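Residue-level structure breakdown
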Amino acid sequence: IYILGIESSCDDTSASVLRNGKVLSNVVANQEIHTAYGGVVPELASRAHQQNIIPVVQQAIQRANIDKKELKAIAFTRGPGLMGSLLVGTSFAKSLSMGLGIPLIAVNHMQAHILAHFIDEKEQKKPPFPFLCLTISGGHTQIVKVSNYFEMEVLGETMDDAVGEAFDKSAKILGLPYPGGPLIDKYAQLGNPKTYKFTKPKVGDMDFSFSGLKTGILRFIQKNVQQNSNFIEENLNDICASIQHTIVEILMDKLKNSVKITGIKHIAIAGGVSANSEIRKVLKEAEKRRGWSTYIPKFEYTTDNAAMIGITGYLAYLENNFSNINTSATARLKVDSK
Ligand code: ATP
Ligand code: FE
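In the nomenclature of an unreviewed UniProt entry, the chain is known as tRNA N6-adenosine threonylcarbamoyltransferase of Urechidicola croceus. Under the UniProt heading Catalytic activity (unreviewed entry), the note attached to the chain is "L-threonylcarbamoyladenylate + adenosine(37) in tRNA = N(6)-L-threonylcarbamoyladenosine(37) in tRNA + AMP + H(+)". Here the chain is described in UniProt, under the heading Sequence similarities (unreviewed entry), as follows: "Belongs to the KAE1 / TsaD family."

**A look at the overall build of the chain**
Per the secondary structure count, the chain includes nine helices and ten strands. Taking 338 residues into account, the globule formula puts the C-alpha radius of gyration at 20 Å, and the chain, at 20 Å, falls close to it. For the chain, the spread of C-alpha atoms along the three principal axes comes to 65 × 45 × 30 Å. When each of the 338 residues of the chain is scored for burial, the buried share is 48%. Residue pairs in contact within the chain that sit at least 24 positions apart in sequence constitute 75% of those at least 6 positions apart.

**As for the nonpolar core**
Ranked by size, the top nonpolar core spans 87 residues in total, and within it Ile6, Ile74 and Cys133 carry the most contacts. Here this core gets nine residues from one element, more than from any other, and that element is helix H7 (residues 231-262). Excluding its chain neighbours within four sequence positions, the residues that come into contact with Ile74 are Leu4, Ile6, Ala93, Leu96, Ser97, Ile102, Leu104 and Ile105. The next biggest cluster of nonpolar side chains, apart from the first, holds six residues, and it includes Ala48, Leu82, Leu86 and Ala329.

**Quick word on the UniProt feature "binding site: Fe cation" (unreviewed entry) in the chain**
If you check UniProt for "binding site: Fe cation" (unreviewed entry), the listed places come out as His109, His113 and Asp304 in our numbering. Maximum C-alpha separation among the annotated residues is 8.9 Å over a sequence range of 196 residues, consistent with a single clustered spot. Position of His109 relative to the elements: it lies in helix H3 (residues 109-115). In this structure His109 touches Ser9, Thr77, Gly79, Pro80 and Gly81, once residues within four positions along its chain are discounted. With respect to the element layout, His113 can be found in helix H3. Given 31 C-beta atoms within a 10 Å radius, His113 is considered buried. Look past the residues within four positions of His113 in its chain and what remains in contact with it is Thr135, Ser137, Ala270, Gly271 and Met308.

**What about the site of ligand 1?**
In the vicinity of ligand 1 lie 23 residues, with Gly138, Gly139, Gly164, Gly181 and Gly272 positioned nearest. If you list the elements that add at least two residues to the shell around ligand 1, you get H3, helix H4 (163-173) and helix H5 (181-188).

**Details of the packing of H4 against helix H6 (residues 211-227)**
Relative placement of two packed helices is described by the angle separating their axes and the distance separating the axes. Where H4 meets H6, the axes come as close as 10 Å, and the angle between the chain directions of the two elements is 15°. Compared by their axis directions, H4 and H6 come out roughly parallel. By crossing handedness, the relation of H4 to H6 is classed as right-handed. The segment H4 lies against H6, with Ala166, Lys169, Ser170 and Ile173 engaging Leu213, Lys214, Ile217, Leu218 and Ile221. Here the residues of the contact of H4 with H6 sort into six nonpolar, one polar and two charged.

**Some points on the sheet that holds strand E10 (residues 293-295)**
Read from one edge of the open sheet, five strands run E8-E7-E6-E9-E10, paired in mixed fashion. Among the strands making up the open sheet, the edge pair consists of strand E8 (151-157) and E10. Averaged over all pairs of adjacent strands, the angle between strand axes in this sheet comes to 25°, irrespective of strand direction. Taken together, the six bridges between strand E7 (residues 141-148) and E8 define a ladder with antiparallel strand orientation. In the sheet register, Gln142 faces E8, and the bridge partner there is Glu157. Relative to the sheet, H7 contacts strand E6 (131-136), E7, E8 and strand E9 (266-270), its axis offset from that of E6 by approximately 155°. This element, helix H8 (residues 277-290), spans E9 and E10 of the sheet and lies at about 155° to E10.

Each value, and the rule that gives it
Residues numbered from 1 in each chain as written. Chains lettered and ligands numbered in written order. Predicted model: local features only at pLDDT ≥ 70, side-chain atom pairs only at ≥ 80, totals over all residues. UniProt positions renumbered as here; feature names shortened; annotations may be inferred. Helix = DSSP H or I, 4+ residues; strand = E, 2+ residues; numbered from the N terminus. Rg over C-alpha atoms; globule rule 2.2 N^0.38 Å. Buried ≥ 20, exposed ≤ 12 C-beta atoms within 10 Å, placed from the backbone. Contact = placed C-beta atoms within 7 Å. Core = buried A, V, L, I, M, F, W, Y, C linked by C-beta atoms within 7 Å. Near = placed C-beta within 6 Å. Axes fitted to C-alpha atoms, helices over the stretch in contact; angles between N-to-C directions. Parallel < 35°, antiparallel > 145°, perpendicular 65-115°, else oblique. Left-handed = near helix turned anticlockwise from the far one by under 90°. Nonpolar A, V, L, I, M, F, W, Y, C, P; charged D, E, K, R; others polar. Pairing = 2+ DSSP bridges.

Below, the structure written as structure tokens:
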């Protein structure tokens, strides 16, 4: 069964073709335009989607080496995300489904980040139900209990900023370009994580908060730059390593609490921040030290991509879970809603 997946929720236009849950192609067009603005500009994002969507879909079909008439369904991101961005993918998916006379499957982007684990891939083992998923992305930070493909429950989440925002805002304070998360990761690998200490937030056992940490980092940098204007350049690696260490420690504290509370030891991570090398390393260590089974997605399925939309579409297809042409895009959508 061939499924076409389309993702356009934020600033990446992506299309992917899967055969029975195996990825044949996964084309992602990043939008460079936002770097100059230090963040995603919604209006520019929808314009870029509009330009990218046809070539990206064509390339995905071409690289999969199939004819579009062989497609059995089209899966598209319905939400959550930026409305203008979502509308481009949604409208395109509807038109193509009418043109080809095949069904539509509306996909919840946050479920898709998690279901990326079920892509048929040698390098990935599939988590058994129930498992806990730490979803860490640009807009979300959640611990989700996953009881079945489409049966998810949020056990805890952030009270303010998402962890991806914490990375990106910290990077901005350091004068690094957007998105700064991957850069902090890069510099951190050369630094000492124990150099600087930042205060960890006090919230519920399975909840998160990152806005206090961001303010703490801002004050710390301002104070030091006042004394030495080259403070950032001279200590960039150690600063990044210390910030990353603190963030990963917060994430691990919450996971440990969740394992204690639920008794579930199958732990997956999902979302853009799960590309982070430190969280991947620490989770691997937890296998030996804590007896957890951990599930880490292949690198290209962590940040936004259409392969995760395609696999979610495939799983929905198997359950006869189709949408119709009246399905609308929605900016807000919880992981536990359809
Ligand atoms: P959401 O899925 O919540 O709607 P999004 O789709 O914008 O948000 P993703 O694409 O899943 O978010 O993730 C992007 C985030 O991941 C950015 O904040 C980026 O900085 C962060 N990120 C990517 N790679 C790394 C890394 N190696 N280390 C830390 N953060 C990273
Ligand atoms: Fe995302």
